[in-house]
Amino acid sequence: MFKNVIMYRIAPGWSLTAEQVEARLQDNPFVECGASQEKSVGWVAPRGEANGPLLEAVAGQWILKLMLEVRALPASVVNRKAQERVAQIEASTGRKPGKKETRDLKDDIRLELLPMAFTKQSSTRVWLDREAQLLVTDAGSQARADELITLLVQGLPGLALSLIDTQISPGAAMADWLVSQEAPQGFSVDRECELKAADESKAVVRYARHRLDTEEVKQHIEGGKMPTRLALTWNDRVSFVLTEGLQLKKLAFLDVVFEGASAGKDDGFDADVAIATAELQKALPALLEALGGERVLPG
């Protein structure tokens, strides 16, 4: 259900109903790229059913899904075709096209090639926990999350979102856990880490499938390298890699989470949503507490 986590706080006072949100999402449904269109973005049914609702409510939790389609047209192909056109013009007229004419040639070539370019689709899920005033997206990058959040704020009247921040920065907390060799309560440090120097060298040390409770790791940190990624597990139930930007990567729910879960095909989506949100409703607050609690901006 989720492979990544970026957390936002929903400002108080937002009160749209599920029916109202559904109606607003219907104003921007996903439509595949047209022949000369480089990019298309819109909402699709989270359950994957044709003509299904764009908002799914499972045990009080709302799930949305944004689809992005882009046409893959490498710049190298456009540049090569443009060079060929420039050479043809020089051969036939004896003059070399200027910068503006060359730019126009590239634009024309792009429009000619776009209908033949392959398309690539990717999707991003959104989870809204109205009671906790929490929005979670599984975007793999902040840029993708920013695009999604912009669409939500523009499309849903009154919705205001802010990235969750903590009293202790993730980098400082991860450094303390590694140096003290003591994870916060309920968490364990796993065997993956990235350390990066803050000076001009920007030196990077990466550990994979490697013990981190070693003098070598402590020496790197004491020498000025700060953790940018650290693998953690919460209560032997949820594992992930925490980043310096308070993003969770490689999110995975461990086997114990699924013990006793229904294996029926018909309720697979509902079961996945229920399990994922129930675990994250506990793990995410525990992580924020381990980072000193949430930083609340004045006003």
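Above this text is the structure in question.
Owing to the predicted nature of the structure, the values given are computational and were not obtained by experimental measurement.

Rules and cut-offs
Residues numbered from 1 in each chain as written. Predicted model: local features only at pLDDT ≥ 70, side-chain atom pairs only at ≥ 80, totals over all residues. Heavy atoms only, no water. Helix = DSSP H or I, 4+ residues; strand = E, 2+ residues; numbered from the N terminus. Rg over C-alpha atoms; globule rule 2.2 N^0.38 Å. Buried < 20%, exposed > 50% of the residue type's maximum accessible area, 1.4 Å probe, protein only. Areas by Shrake-Rupley, 256 points an atom, 1.4 Å probe, with all protein chains shown as cover. Lys, Arg positive; Asp, Glu negative; His and termini not counted. Charge placed at Lys NZ, Arg CZ, Asp CG, Glu CD. Contact = heavy atoms within 4.5 Å. Salt bridge = Lys/Arg side-chain N within 4 Å of Asp/Glu carboxyl O. Core = buried A, V, L, I, M, F, W, Y, C linked by side-chain atoms within 4.5 Å. Phe/Tyr/Trp six-rings, centres within 6.5 Å; stacked < 30°, edge-to-face > 60°. Pairing = 2+ DSSP bridges. Axes fitted to C-alpha atoms, helices over the stretch in contact; angles between N-to-C directions. Arc of directions from axis to C-beta. Expected span 1.5 Å × (residues − 1). Bend = angle between axes of the 7 residues up to and from the residue.

> Honestly, the overall build of the protein in this entry has me stumped. Any pointers?
A count of helical and extended segments in the protein gives 8 helices and 12 strands. In terms of overall dimensions, the protein is more spread out than a globule: its C-alpha atoms have a radius of gyration of 24 Å, far above the 19 Å expected for 299 residues. Along the first, second and third principal axes, the C-alpha atoms of the protein reach 75 × 55 × 45 Å. Scored against the burial criterion, the 299 residues of the protein give a buried share of 41%. Accessible surface for the protein amounts to roughly 16200 Å². Of this, 49% is attributable to carbon and sulfur atoms. The protein carries 36 positive and 43 negative side-chain charges, and their two centres are separated by 8 Å.

> Just to check I follow, could you spell out the environment of Arg130 for this structure?
Structurally, Arg130 can be placed in the loop between strand S5 (118-129) and strand S6 (134-137). Exposure remark for Arg130: the relative accessible area of 26% places this residue in the partly exposed category. When the C-alpha positions of Arg130 and Trp14 are compared, they lie 9.1 Å apart, and in sequence the two are 116 residues distant. With residues up to four places along the chain from it excluded, the contact list for Arg130 reads Trp14, Ser15, Leu16 and Trp62.

> What should I look at first to understand the pattern of salt bridges in this one?
Tallying each qualifying case throughout the model produces 14 salt bridges. With its nearest N and O atoms 2.9 Å apart, the salt bridge here joins Asp270 to Arg47. Of this pair, Asp270 sits in helix H8 (residues 268-290) while Arg47 is found in the loop between strand S2 (39-43) and strand S3 (56-58), placing the two residues 223 residues apart along the sequence. Taken together, the shared-partner salt bridges connect Arg47, Glu56 and Asp270 into one network.

> Whenever I open this one, the nonpolar core confuses me. Can you help?
One recurring pattern in soluble globular proteins is that nonpolar side chains are buried together. Core analysis: the largest hydrophobic core is formed by 44 residues, its most contacted members being Met7, Phe240, Leu242, Leu251 and Leu284. The element contributing the most residues to this core is H8, with 10 residues. With residues near it in sequence (within four places) discarded, Phe240 still touches Phe187, Leu230, Ala231, Leu232, Leu248, Lys249, Lys250, Leu251 and Leu287.

> Explain the packing of aromatic side chains to me, please; I cannot follow it from the model alone.
Note on aromatic pairs: each is described by the distance of the centres and the angle between the planes. Within the structure shown, the criterion is met by 3 aromatic pairs. Both rings, one in Trp14 and one in Trp62, keep their centres 6.4 Å apart while their planes meet at 75 degrees; by these two values the pair is edge-to-face. Residue Trp14 is located in the loop between strand S1 (6-10) and helix H1 (18-25), and its partner Trp62 is located in strand S4 (residues 61-72); the two are separated by 48 residues in the primary sequence. Taken individually, Trp14 and Trp62 each receive the classification buried, so the pair is uniform in this respect. Relative to Phe240, the ring of Phe187 has its centre 6.5 Å away and its plane inclined at 85 degrees; by these criteria the two rings are edge-to-face. Placement of Phe187 in strand S8 (residues 187-197) and of Phe240 in strand S11 (residues 238-243) is noted, with a sequence separation of 53 residues between them. Of the two residues, Phe187 and Phe240, both sit in the buried class.

> Hey, could you run me through the sheet that holds strand S10 (residues 225-234) in this one?
Sheet strands pair via backbone hydrogen bonds, and the direction of the pair is either parallel or antiparallel. In spatial order, the strands read S9-S8-S10-S11-S12; together these 5 strands make up an open sheet with antiparallel pairing. Because the sheet does not close on itself, it has two edges, and the strands there are strand S9 (204-208) and strand S12 (248-253). If you compare each strand with its neighbour and ignore which way they point, the axes differ by 15 degrees on average. Pairing between S10 and S11: 6 bridges, direction antiparallel. In the strand pairing of S11, Thr233 is matched with Ser239. The sheet contacts of helix H5 (residues 170-180) involve S8, S10 and S11, and relative to S10 the element is tilted by about 75 degrees. Taken strand by strand, H8 contacts S8, S10, S11 and S12, and its axis lies near 135 degrees from that of S12.

> I tried to follow the side chain of Thr228 on my own but got confused; where do I start?
The residue Thr228 is located in strand S10 in this model. For Thr228, the residues in contact, after removing those within four places along its chain, are Met174, Glu194, Lys196, Leu242, Thr243 and Glu244.

> Before we go on, may I ask you to explain H1 in this structure?
Given 3.6 residues to a turn, an α-helix orients residues that are three or four positions apart in the same direction. Buried residues of H1: Val21, Glu22 and Leu25, and no others. Along the axis of H1, the buried positions cluster into a sector of 100 degrees, meaning they face one direction only. The inward-facing, buried residues of H1 abut S2 and S4.

> I tried to follow H8 on my own but got confused; where do I start?
Helix length check: H8 (23 residues) gives 33 Å between terminal C-alpha atoms against 33 Å at 1.5 Å per residue, within 8%. By the largest-angle criterion, Leu280 marks the main kink of H8, which is about 30 degrees. The positive-phi residue at the C-terminal boundary of H8 is Gly292, with phi of around 90 degrees.

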